[in-house]
Amino acid sequence: MNTPDTDTKLRGPAVWALILTGVASFMAALDNLVVTTALPAIREDLGGKLEDLEWTVNAYTLTFAVLLMFGAALGDRFGRRRLFIVGLAIFTGASAAAALSPGIDALIAARAVQGVGAAIMMPLTLTLLTAAVPAARRGMALGIYGAVTGLAVASGPLIGGSLTEHISWQWIFWLNVPIGLALIPLARLRLAESTAPGARLDVPGTLLISGGLFGIVYALVNANSECWTSATVLTGLIVGAALVGGFIHHGFNNANPMLPMRLFRDRGFLGINLASLLMFLGMFGSIFLLSQFLQGVASYSPTEAGLRMLPWTGMPMLVAPLAGILSDRIGGRPVVAAGLAFQALGLGWFAAILSADVSYAAQLPPLILSGIGMALYFAPAANVLMSTVAPADQGKASGTNNALREVGGALGVAVLASVFSAQGGYESPQAFTDGTIPALWIGAGAVALAAGLALLVPRKAKADRAPADRSVAAPEKVPAAG
């Protein structure tokens, strides 16, 4: 007979927790990429300029990024199940509002509210799952959860393209509504409530970083349409940078900041986080443009474009297990660095061969190489991150890394689209190609720099080098956001 410690089956509350948190994380992760293949249809239906399309993506990723750790703190303070349901309700309602949007401005506003809901909901999914699953079965449950989230990222462009082509682009948002309405009562009945005694909210830190990042991204998005020296752009850059500086000062001097800046004094923590930000900058910005290139220039349907992105976005599903085994044998640092180098080479290869009449056969090798690079990065990145901090800081380290990834994605869309706009445009296939090529080179350069920064990570884990800092409070549970 199996004992509670050796039985590897999930039962009762653990199964429900895995189902509910897995489906919720799938929805939130899907919305990071599902909109990319729908952008041409949205532009045709609602109108709008390049900067409007950028905000359709960035309104979600930016609010998600800056409120992620605040959402986790809200759950710790007021109840994780309660706030999970609140976040789920906001996300579901905003999805319906996005589907009903009469114009591009309404869609952008709905996407921003979606990001708020996801920021509250997502960091609590792993906390609720971990609490519900016994330690002996936790590895299996987290493995399934990770696979579900990975499937959402891999299938995002394909699902978005298929719904856009065969029904309408509105259905990329309507899809969330019945799922969310089913999850809300089930979460209330099947998930256990929990809190973290003594949890504190960092409202000043949240306001500083939210305002700062919004100002910088707003300036980047509008730089080409309003000129880099315009009062609007300069104000956004200057005020945004000042608020980010205030956030950094706050992180060094506040007793309980959202992001303790002392963590960045460790070169390994600094290196892996900057590498993550630059990786997402290059990857998300490139996907934003290439998904439109496949439809607007290569003349593929939305479904065909989504399928042709799979060698890139879907490769981690195949390669990640092998990357995990490899990182166990030789260490995570060289695997992460190699993955980032492959991603950079893939983007550079794509930029080198791109033309208005390039064949898909020519595009396939750089897509596959980029996908392998993405897999080699994702598989060991979390363990590499955790090796740079003491156990007491791992919760905040995880939340920090996930927030910086989302910030990187928002900056990537803004920066690469700005380069695209300066060098090309939507006027013709050739103009689109002329703008995309230099943007891809910038993306490749950002990821190549990330590969170099990954080498800052020390070979030996901090947890093995020294005991945990006893003066640091117990870790807050701010898990990965998918």
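Residues numbered from 1 in each chain as written. Predicted model: local features only at pLDDT ≥ 70, side-chain atom pairs only at ≥ 80, totals over all residues. Heavy atoms only, no water.

## Looking at the overall build of the protein
Broken down by element type, the protein carries 18 helices and zero strands. Put simply, the protein has 482 residues, and 56% of those count as buried. Long-range contacts, defined as pairs at least 24 residues apart, comprise 84% of the intrachain contacts of the protein with a sequence gap of at least 6. As presented, the protein carries roughly 18,600 Å² of accessible surface, and 66% of it is formed by carbon and sulfur atoms. (Helix = DSSP H or I, 4+ residues; strand = E, 2+ residues; numbered from the N terminus. Buried < 20%, exposed > 50% of the residue type's maximum accessible area, 1.4 Å probe, protein only. Contact = heavy atoms within 4.5 Å. Areas by Shrake-Rupley, 256 points an atom, 1.4 Å probe, with all protein chains shown as cover.)

## Points about the packing of helix 3 (residues 50-78) against helix 5 (residues 104-132)
Across the interface, helix 3 lies against helix 5 with an axial gap of 6 Å and an inter-helix angle of 30°. Of the possible angle classes, the one that applies to helix 3 and helix 5 is roughly parallel. Between helix 3 and helix 5 lies a crossing whose hand is right-handed. The residue makeup of the contact of helix 3 with helix 5, split by class, is 19 nonpolar, six polar and two charged. (Axes fitted to C-alpha atoms, helices over the stretch in contact; angles between N-to-C directions. Parallel < 35°, antiparallel > 145°, perpendicular 65-115°, else oblique. Left-handed = near helix turned anticlockwise from the far one by under 90°. Nonpolar A, V, L, I, M, F, W, Y, C, P; charged D, E, K, R; others polar.)

## Details of the nonpolar core
In terms of nonpolar packing, the biggest core is built from 100 residues, with Phe288, Trp312 and Leu340 touching the most fellow members. Sequence-distant contacts of Trp312, that is, excluding residues within four places in its chain, are made with Met283, Ser286, Ile287, Leu290, Gln343, Leu347, Leu367, Ser370, Gly371 and Met374. (Core = buried A, V, L, I, M, F, W, Y, C linked by side-chain atoms within 4.5 Å.)

## Focus: the confidence of the model for the protein
When pLDDT is averaged across the protein, the result is 81; 89% of the residues are at 70 or more. Considering each helix and strand of the protein separately, the mean pLDDT is smallest for helix 18 (residues 462-465), with a value of 45, and largest for helix 4 (residues 80-99), with 93. Ignoring residues within four places in sequence, the model shows residues 1-7, a span with pLDDT below 50, making five contacts including any to other chains. For the stretch residues 463-482, pLDDT sits under 50, and the model shows 45 contacts to residues farther than four places along the chain or on other chains. (pLDDT = per-residue confidence, 0-100.)

## Here's the deal with the pattern of salt bridges
One pass over the structure, following the stated rule, counts one salt bridge. Between Arg80 and Asp76 there is a salt bridge, and its shortest N-O distance comes to 2.9 Å. Here the two residues Arg80 and Asp76 agree in accessibility, since each one is buried. (Salt bridge = Lys/Arg side-chain N within 4 Å of Asp/Glu carboxyl O.)

## Observations regarding the packing of aromatic side chains
Counting across every chain of the model gives eight aromatic pairs. Taking the centre distance of 6.3 Å and the plane angle of 85° together, the rings of Trp169 and Phe173 count as edge-to-face. Phe173 carries the same exposure label as Trp169, and that label is buried. Cluster of aromatic residues (ring-pair linked, three or more members): Phe420, Tyr426 and Phe432. We note Arg43 situated over the ring of Tyr426; from NZ or CZ to the ring centre the distance is 3.9 Å. When the ring centre of Tyr360 is taken as origin, the NZ or CZ atom of Arg308, which lies over that ring, is 5.3 Å away. (Phe/Tyr/Trp six-rings, centres within 6.5 Å; stacked < 30°, edge-to-face > 60°. Lys NZ or Arg CZ within 6 Å of the ring centre and 35° of its normal.)

## Focus: helix 3
Over its 29 residues, helix 3 runs 40 Å from end to end, which matches the ideal 42 Å to within 8%, given 1.5 Å per residue. Along its length, helix 3 shows its largest kink, about 50°, at Leu67. The buried fraction of helix 3 is high, at 26 of 29 residues. Downstream of helix 3 by a residue or two, Gly79 has a phi angle that is positive, lying close to 115°. (Expected span 1.5 Å × (residues − 1). Bend = angle between axes of the 7 residues up to and from the residue.)

## Considerations on the packing of helix 1 (residues 12-33) against helix 8 (residues 176-190)
Running from N to C, helix 1 and helix 8 cross one another at 150°; their axes reach a closest spacing of 10 Å. Helix-helix and strand crossings are classified by hand; for helix 1 and helix 8 the assignment is left-handed. From helix 1, Trp16, Leu20, Val23, Ala24, Met27 and Asp31 reach across to helix 8, where they touch Asn176, Ile179, Gly180, Leu183, Leu186, Ala187 and Arg190. Taken together, the residues of the contact of helix 1 with helix 8 sort by class into nine nonpolar, two polar and two charged.

## Comments concerning helix 4
Its 20 residues place the ends of helix 4 28 Å apart at the C-alpha level, agreeing with the 28 Å of an ideal helix rising 1.5 Å per residue. Burial analysis of helix 4 places 14 of its 20 residues in the buried class, the great majority of the element.

## Some details on unusual backbone geometry
Backbone geometry at Ser299 places phi at a positive 65°, although glycine is not the residue there. Position of Ser299 relative to the elements: it lies in the loop between helix 11 (267-296) and helix 12 (302-313).

## Describing a nonpolar patch on the surface
On the surface, a cluster of nonpolar side chains totalling about 290 Å² of accessible area is made up of Leu151, Met317 and Leu318. According to the relative accessible area criterion, Leu151 is partly exposed, its value standing at 42%. (Patch = residues over 30% accessible without salt bridge, like charges linked within 9 Å, V, L, I, M, F, W, Y side chains within 5 Å.)

## Looking at the environment of Leu100
Position of Leu100 among the secondary structure elements: in the loop between helix 4 and helix 5. As for Leu100 and Gln170, which are separated by 70 residues in sequence, their C-alpha atoms are 7.4 Å apart.

## Overview of the side chain of Arg111
Mapped onto the secondary structure, Arg111 falls in helix 5. In this structure Arg111 comes out as buried when scored by relative accessible area, which is 0%. At 2.8 Å, the side chain of Arg111 forms a polar contact with the backbone oxygen of Thr56. Non-local contacts of Arg111, meaning those with residues more than four positions away in its chain, are made with Asp31, Val35, Thr56, Val57, Ala59, Tyr60, Thr63 and Phe173. (Polar contact = N/O pair within 3.5 Å; in protein donor to acceptor, adjacent residues only side chain to side chain.)

## Re the side chain of Ser276
Inspection of the secondary structure puts Ser276 in helix 11. In this structure the side chain of Ser276 is engaged in a polar contact, spanning 2.9 Å, whose partner is the backbone oxygen of Ile272. Discounting residues that sit within four places of it in the chain, Ser276 has contacts with Tyr377, Asn401 and Arg405.

## Considerations on the environment of Gly240
Along the polypeptide, Gly240 turns up in helix 10 (residues 231-253). Accessibility expressed as a relative area gives 0% for Gly240, which makes it buried. On a C-alpha basis, the gap between Gly240 and Gly212 in space is 3.8 Å, while along the polypeptide they are 28 residues apart. Setting aside chain neighbours within four positions, we find Gly240 in contact with Gly212, Gly215, Ile216 and Thr235.

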